[in-house]
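Chains, contacts and geometry: an overview
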Amino acid sequence: MTPEQIADLRRQRYNATVAGIRLANSDLMCLRVQPDFPMPAHKPGQYTSLGLGNWEPRLAGCQEEHLKPEEEAKLTRRAYSISCPLLGEDGQLVPDASRNGWLEFYIVLVRDSGKEKPPALTPRLFNLREGDRLNMVEKITGHFTLDPVKPGDAVVFLSTGTGEAPHNYMLWDLLRRGHDGPILSACCVRYKKDLAYLAIHEELMKRYPHYKYLSLTTREADTVQHKVYIQDLISSGQLAERLGRPLDPKTTHVYLCGNPKMIGVPIKDKETGQRHYPQPLGVIEILEKLGFQVDNPTVKLHGNVHFEEYW
Ligand SMILES: Cc1cc2nc3c(=O)[nH]c(=O)nc-3n(C[C@H](O)[C@H](O)[C@H](O)COP(=O)(O)OP(=O)(O)OC[C@H]3O[C@@H](n4cnc5c(N)ncnc54)[C@H](O)[C@@H]3O)c2cc1C
């Protein structure tokens, strides 16, 4: 494609600008995107899609891609939960998470999909610089919200990696509106450097005694021998202990986001209608055995376990 064709496609397809980038490490970023259109109405926990043209360059060191000529002028879009900076430059809880005209996204670089089809978007997103243009879908959507939470309820956010993004936005909302029940957010990653919001959560814990943040690392030298996954946190009783009250299904909402293996959504057998829990053991199986009930969006069943799978 010629530089003129590329400039034309960018003009036609892009409707947003990179307002800021914070790299936590080379493969993990907080990306602020300012749309050209008025900020769409949305709820904390929801997602939209970001896109870049296949004509954009890919970051070096990622799985190779071989595009057919007819694919080169296409746009690749992926869903991203909206995150939240939580604290502003003045060190205070941000008064309105989208007031500045941008939304924050928390994105990890997928260097290799582990499949034949290489990752399409993130190797391009990680080439972006402040001021660059991209595509953002106008509609912000999703059922992963705080709607079912009542005053005084305990709210537990459990995530892997960037699955923390929607939890950060929901946490901001709970703190902003003075939610009076205990709130706990736990995130499982390989290394401490994979926790872009750690310092912010530590600061929030000092200010809000009813808020706890637990970081679980599985590859750090001091934890590698005794890895604690989200599943272990619940089974061992540590989660209830840190929350300061038992995991009572009547007064607790649990939000799960990220790796489908951590979440463990039961699979329904098409012939018998029976539900089977996947292996390895996921959080939904553990919670259902404690009396919790998972949401089932297809039959509009609202439980007290809510989930968002990233792939
Ligand atoms: C509702 C929703 C919200 C999402 N929000 C976020 C978010 O806030 N932050 C974020 O980083 N991602 C998020 N994702 C995942 C995102 O949509 C993309 O799948 C991801 O960025 C990879 O895109 P890609 O084009 O580079 O790779 P793709 O071409 O989409 O290939 C992805 C493949 O790589 C593998 N893979 C390995 N690690 C990951 C990973 N961390 N995420 C996805 N796939 C992985 C999987 O096998 C997957 O099938 C969300 C997904 C959904 C459905």
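To be clear, the structure that these remarks concern was listed above.
Reference entry: report on the structure contained in this document. This structure is a prediction, so every number in the text was calculated from the model and none was measured.

Some details on helix H3 (residues 164-176)
For H3, built from 13 residues, the straight-helix expectation of 18 Å at 1.5 Å per residue is met to within 8% by its first-to-last C-alpha distance of 18 Å. Among the 13 residues that make up H3, 10 are buried, leaving the element largely enclosed by the rest of the structure. If you check which residues of H3 are buried, you get Glu164, Ala165, Pro166, His167, Asn168, Tyr169, Met170, Leu171, Trp172 and Leu174. Considering only its buried residues, H3 is in contact with strand S4 (75-81), strand S5 (103-108), strand S7 (154-160), strand S8 (183-189), strand S10 (252-258) and strand S13 (305-309). With its phi angle positive at about 70 degrees, Gly178 sits one or two positions after the end of H3.

Quick notes on the sheet that holds S7
Taken together, 5 strands build an open sheet; the order of strands is S9-S8-S7-S10-S13 and the sheet is parallel. Each edge of the open sheet is held by one strand with a lone partner, namely strand S9 (211-217) and S13. Geometrically, the sheet is characterised by an average inter-axis angle of 10 degrees between neighbouring strands, direction not taken into account. In this sheet, S9 lies alongside S8 in parallel orientation, the contact comprising 7 bridges. Within S9, the residue paired with Val189 across the bridge is Thr217. Across the sheet, H3 touches S7, S8, S10 and S13, and the angle it forms with S7 is around 155 degrees. Packed on one face of the sheet, helix H4 (residues 198-207) meets S8 and S9 and runs near 150 degrees to S9.

Conventions we followed
- Residues numbered from 1 in each chain as written.
- Predicted model: local features only at pLDDT ≥ 70, side-chain atom pairs only at ≥ 80, totals over all residues.
- Helix = DSSP H or I, 4+ residues; strand = E, 2+ residues; numbered from the N terminus.
- Expected span 1.5 Å × (residues − 1).
- Buried ≥ 20, exposed ≤ 12 C-beta atoms within 10 Å, placed from the backbone.
- Contact = placed C-beta atoms within 7 Å.
- Pairing = 2+ DSSP bridges.
- Axes fitted to C-alpha atoms, helices over the stretch in contact; angles between N-to-C directions.

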